[in-house]
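Chains, contacts and geometry: an overview
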Amino acid sequence: MDKELLAMLVCPLCNGKLKYDREAQELRCHYDGLAYPIQEGIPVMLPEEARAMDADEKLPSSPGRSPGRSPGHIGDA
């Protein structure tokens, strides 16, 4: 997706920044929990066409967060 176009696009509901998911071909608004599809290279920025993200997708990934573990997990001692 064109970086200049991506920089101009915002969520149509909250006007917040969108995160581009290249693998899923979606633009994600973590605030509203919606993922807008990209079809044939064109972002579909209609809320009624957006997919509701599940709880795991809404959480920001961080270097300390491992897949498959809950955020409060304490390592095996």
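Residues numbered from 1 in each chain as written. Predicted model: local features only at pLDDT ≥ 70, side-chain atom pairs only at ≥ 80, totals over all residues. Heavy atoms only, no water.

As for the pattern of salt bridges
Taken as a whole and assessed by the stated rule, the structure comprises 5 salt bridges. Ionic pairing is found between Arg28 and Glu26, a salt bridge with its closest N-O pair at 3.1 Å. For the pair Arg28 and Glu26, a shared accessibility class is recorded, and that class is buried. When the shortest N-O distance is used, the salt bridge between Arg51 and Glu26 registers 2.9 Å. Taken as a pair, Arg51 in strand 5 (residues 51–52) and Glu26 in strand 2 (residues 26–29) lie far apart in primary sequence, 25 residues in all. Looking at Arg51, the relative accessible area reads 32%, which means it is partly exposed. Overall, Glu26 belongs to the buried group, its relative accessible area being 10%. (Salt bridge = Lys/Arg side-chain N within 4 Å of Asp/Glu carboxyl O. Buried < 20%, exposed > 50% of the residue type's maximum accessible area, 1.4 Å probe, protein only. Helix = DSSP H or I, 4+ residues; strand = E, 2+ residues; numbered from the N terminus.)

Overview of the environment of Asp2
Along the chain, the position of Asp2 falls in the segment before helix 1 (3–8). Looking at Asp2, the relative accessible area reads 47%, which means it is partly exposed. Placed 39 residues apart in sequence, Asp2 and Gly41 show a C-alpha to C-alpha distance of 9.2 Å.

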